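# Topology and contacts: notes
The residues making up each chain are set out below.
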Amino acid sequence: MAFFAVGLLLVACLFQPAFGQNIEDCPQNSNTTVGKNTVDASTLRLGSTARKKCEEYSQYVCRYEEAQVLTDADQVLTNNCVVPLVPLVVGGEPVIAGEYPHMALLGVGADQENINYHCGGSLIAPNFVMTAAHCLVFQSQHVRWVLLGDLDRLSTEDEAEPQLLEVSGRFTPPSGLDREELYHDIALLQLKTEAEMTRFVRPACVFPDPTLEANNDAFVVTGWGDTTRGGGGDPSSILQKVRLGILPNNVCQTSYKFHRNIFPRGVLAEAHVCAGNLTGGRDICQMDSGSPLAFFRSEKPYCMHHVVGVASVGSSCGLRNSPSVFTRVSIYMPWIESVVWPPS
């Protein structure tokens with residue numbers, strides 16, 4: 001079985017987003033300024049910085065924008081929350097504008113006119129993207145470009161406002177990624193300039209809790225990967241989403257037990273998230289490496305996506321009994337906080 005930089009297999013409808021959220025739902029201090037990427041050194045417990053920043057970044061959901069209708073005010077408070085509703089059927093479907101504003105597409109290339117995109121990622125701060133460590137190098141080149149706020153990567157006429165930003169720094173955990181093994185498959189990319197917060201671009205939260213309920217089918221992975229069952233097709237031009245269930249770790253242990261070259265100590269419950277749909281039809285595939293496995297909460301922090309895993313490896317692109325392995329972000333929380341939000 002071949003392993004690869006892992007895309008989504010989408011076969012049917014998933015979510016219908018709700019538009020026109022009330023401005024009454026906006027946090028009361030939605031017009032306040034979000035703090036810089038530093039925190040007080042007195043942070044008390046694991047993940048407290050990430051939780052604090054999650055609440056701060058929710059302020060970006062509601063923004064004062066130029067009035068589009070006749071009014072006495074130059075700017076009006078606009079609620080840009082797009083709420084994914086309860087899944088209607090299994091499978092997946094294309095994302096709509098603003099539904100997953102944290103989604104990033106990573107590429108290599110000498111200049112902006114010659115970019116080869118190869119992996120996904122998540123904006124977790126205005127100037128940081130989280131992805132898989134094995135995405136840092138592609139075709140012997142270091143990842144250099146991050147595309148945010150896009151929907152159809154091959155179109156300039158879709159409802160999107162893409163931002164192409166350059167990478168200035170690349171970080172991996174102190175343990176590092178072994179070139180043969182896939183432990184510690186997580187990385188952070190620092191952007192040369194901060195992303196502009198818009199209806200289409202804002203950070204997701206990094207979920208600090210290590211406890212995830214097995215058999216919970218409320219998690220979604222997004223990406224531009226191959227949508228062909230079994231793989232072998234072309235990456236999708238339009239950002240896709242698919243619902244995956246959290247599976248008991250022993251399911252991935254069994255599925256990957258003959259692949260000791262990448263998991264010599266097996267799939268580790270404390271470091272990995274096992275997710276998929278064992279009946280087939282919903283999965284990740286080529287070019288989805290680094291993409292987020294996340295869930296959505298409409299309550300406080302208001303209208304935020306929470307990333308629990310980073311796509312690391314898949315095996316069969318939607319075939320039966322082929323779960324995928326995601327790097328569990330919670331175990332890396334001290335490192336993530338120290339890099340993204342260093343103590344002041």
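Here, every reference points to the structure presented above.
Description of the structure in this document. (Residues numbered from 1 in each chain as written. Predicted model: local features only at pLDDT ≥ 70, side-chain atom pairs only at ≥ 80, totals over all residues. Heavy atoms only, no water.)

All right, on to the state of the cysteines then. By the definition in use, this model includes 4 disulfides. For cysteine 54, the disulfide goes to cysteine 205, at an S-S distance of 1.9 Å. On the S-S bond that ties cysteine 54 to cysteine 205, the torsion sits near 75 degrees, and the link is right-handed. Placement of cysteine 54 in helix α1 (residues 48-57) and of cysteine 205 in strand β14 (residues 205-206) is noted, with a sequence separation of 151 residues between them. Taking relative accessible area as the criterion, cysteine 54 reaches 6% and is therefore assigned buried. (Disulfide = S-S within 2.5 Å. Helix = DSSP H or I, 4+ residues; strand = E, 2+ residues; numbered from the N terminus. Buried < 20%, exposed > 50% of the residue type's maximum accessible area, 1.4 Å probe, protein only.)

Throughout the structure, instances matching the rule amount to 6 salt bridges. Between glutamate 166 and arginine 144 there is a salt bridge; the shortest N-O distance is 2.9 Å. Here the residue glutamate 166 occupies a position in strand β12 (residues 163-171), and arginine 144 occupies one in the loop between β10 (141-142) and β11 (145-148), the gap between them amounting to 22 residues. On the basis of relative accessibility, which here comes to 21%, the residue glutamate 166 falls in the partly exposed class. What you see here is one network of salt bridges that share partners, running through Glu93, Glu99 and Lys241. (Salt bridge = Lys/Arg side-chain N within 4 Å of Asp/Glu carboxyl O.)

To continue, consider the nonpolar core. Ranked by size, the top nonpolar core spans 67 residues in total, and within it Met130, Val146, Leu148 and Ile336 carry the most contacts. If you count residues domain by domain, this core takes at least three from each of domain 1 (102-202 + 332-340) and domain 2 (205-331). Not counting residues within four places of it along the chain, the set of residues in contact with methionine 130 comprises Gly121, Ser122, Ile124, Ile186, Ala187, Leu188, Val206, Gly290, Val307, Val310, Val329 and Ile336. With 14 residues, the next largest nonpolar core counts Leu212, Phe219, Val273 and Phe326 among its residues. (Core = buried A, V, L, I, M, F, W, Y, C linked by side-chain atoms within 4.5 Å. Domains from an automatic or database assignment. Contact = heavy atoms within 4.5 Å.)

Turning our eyes to something else, we now look at the packing of aromatic side chains. Going through the model one piece at a time under the given rule, you end up with 6 aromatic pairs. Residues tyrosine 57 and tyrosine 60 carry aromatic rings whose centres are separated by 6.0 Å and whose planes lie at 15 degrees to one another, so their mutual orientation is stacked. Neither residue differs from the other here; tyrosine 57 and tyrosine 60 are each classed as buried. Judged by centre distance (5.7 Å) and plane angle (65 degrees), the ring pair of tyrosine 183 and phenylalanine 263 falls under edge-to-face. Here phenylalanine 263 lies in the loop between α2 (249-255) and β17 (272-276) and tyrosine 183 lies in the loop between β12 and β13 (187-191), a separation of 80 residues in the sequence. Ring pairs connect the aromatic residues Tyr183, Tyr256 and Phe263, which therefore count as one cluster. (Phe/Tyr/Trp six-rings, centres within 6.5 Å; stacked < 30°, edge-to-face > 60°.)

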